[in-house]
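Residues per chain are reported as follows:
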Amino acid sequence: MTTQEMLDERYGRHRSRGARATTWIVASILVAAAVAVVTWLTFANSSSSVDAAATGYTVQDARSVSLRFQVTAPIGSTVVCALEADDEEHGIVGWKIVRYPASATHSVAYAETIPTVGEATTGLVNSCWVA
């Protein structure tokens, strides 16, 4: 007999095995519900996410830079992208917002010319989102 059992017997306490089983069942249901919610939120957020990656740029002259990039978005979604041109000190010298119509494929390559107020040293995709 364990110490706990001896104390329970001495003081007349009775442990209910049903209460312990009920606690485990309730805890299991709560954990399963939490996993289901996290899974659903992850899928819901990723189904409308947009990824964009610059694939190259060319400084045209002191007033423009050409940017090539690829956008991966849900099929049939209109996408808006913010493009920027930076100078050698990472200051923004050009900015352009472009809207692309819905596509029948997940990934599409684009090229845009960004007008600048000074000489740019790089062009990049700041962000893209579903319109």
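Residues numbered from 1 in each chain as written. Predicted model: local features only at pLDDT ≥ 70, side-chain atom pairs only at ≥ 80, totals over all residues. Heavy atoms only, no water.

> What is the right way to look at the sheet that holds strand E4 (residues 92-100) in this model?
What holds strands together in a sheet is hydrogen bonding between their backbones, with the strands either parallel or antiparallel. Strand order in the open sheet made by the three strands is E4-E3-E6, with antiparallel pairing throughout. Looking along the sheet, the strands with just one partner apiece sit at the ends: E4 and strand E6 (122-130). Neighbour-to-neighbour, the strand axes of the sheet open up by a mean angle of 20 degrees, direction not taken into account. (Pairing = 2+ DSSP bridges. Helix = DSSP H or I, 4+ residues; strand = E, 2+ residues; numbered from the N terminus. Axes fitted to C-alpha atoms, helices over the stretch in contact; angles between N-to-C directions.)

> Is there a simple way to think about the environment of Trp-40 in this case?
Residue position: Trp-40 is located in helix H2 (residues 17-46). A residue is classified by how much of its surface remains accessible, and Trp-40, at 58% relative accessible area, is exposed. As for Trp-40 and Tyr-11, which are separated by 29 residues in sequence, their C-alpha atoms are 49 Å apart. (Buried < 20%, exposed > 50% of the residue type's maximum accessible area, 1.4 Å probe, protein only.)

> Got a minute to help me understand a nonpolar patch on the surface in this structure?
On the surface, Ile-92, Trp-95, Ile-97 and Trp-129 cluster together into a nonpolar patch covering about 420 Å² of accessible area. For the nonpolar patch, the leading source of residues is E4, giving three residues. For Ile-97, the location among the structural elements is in strand E4. Judged by its relative accessible area of 48%, Ile-97 is partly exposed. (Patch = residues over 30% accessible without salt bridge, like charges linked within 9 Å, V, L, I, M, F, W, Y side chains within 5 Å. Areas by Shrake-Rupley, 256 points an atom, 1.4 Å probe, with all protein chains shown as cover. Salt bridge = Lys/Arg side-chain N within 4 Å of Asp/Glu carboxyl O.)

> Honestly, the packing of aromatic side chains in this entry has me stumped. Any pointers?
Aromatic ring pairs are described here by two measures, namely the spacing of the ring centres and the angle between the planes. Across all of its chains, the model carries three aromatic pairs by this definition. Ring geometry for Phe-69 and Tyr-110: centres 5.9 Å apart, planes at 40 degrees, overall tilted. On the criterion of sequence distance, the pair formed by Phe-69 in strand E2 (residues 64-72) and Tyr-110 in strand E5 (residues 107-115) is long-range, its members being 41 residues apart. Both residues of the pair, Phe-69 and Tyr-110, count as buried. Counting every residue linked through ring pairs, the aromatic cluster contains Phe-69, Tyr-100 and Tyr-110. (Phe/Tyr/Trp six-rings, centres within 6.5 Å; stacked < 30°, edge-to-face > 60°.)

> Can you walk me through the nonpolar core in this structure?
Burial of nonpolar side chains together is a common tendency in soluble globular proteins. The biggest cluster of nonpolar side chains holds 18 residues, and the ones touching the most others in it are Phe-69, Val-71, Val-79, Cys-81, Leu-83 and Cys-128. Elements that contribute at least two residues to this core include exactly E2, strand E3 (79-86), E4, E5 and E6. (Core = buried A, V, L, I, M, F, W, Y, C linked by side-chain atoms within 4.5 Å.)

> For this particular structure, what's the right way to read the pairing of E4?
Sheet faces and side chains relate simply in a regular strand, where the side chains alternate between the two faces. The sheet contact formed by E3 and E4 spans eight bridges and is antiparallel. By the bridge assignment, Ala-82 is partnered in E4 with Ile-97. Adjacent in sequence and paired antiparallel, E3 and E4 are bridged by five residues, among which His-90 carries a positive phi angle near 65 degrees.

> Explain a negative patch on the surface here, please?
A cluster of acidic side chains, namely Asp-61, Glu-88, Glu-89 and Glu-119, defines a negative patch on the protein surface. Assignment of secondary structure puts Glu-119 in the loop between E5 and E6. (Lys, Arg positive; Asp, Glu negative; His and termini not counted. Charge placed at Lys NZ, Arg CZ, Asp CG, Glu CD.)

> Looking at this model, I keep getting lost on the environment of Tyr-11. Mind explaining?
With respect to the element layout, Tyr-11 can be found in helix H1 (residues 3-11). Its relative accessible area of 56% is what places Tyr-11 among the exposed residues. Between the C-alpha atom of Tyr-11 and that of Val-130, which follows or precedes it by 119 residues, the distance is 67 Å.

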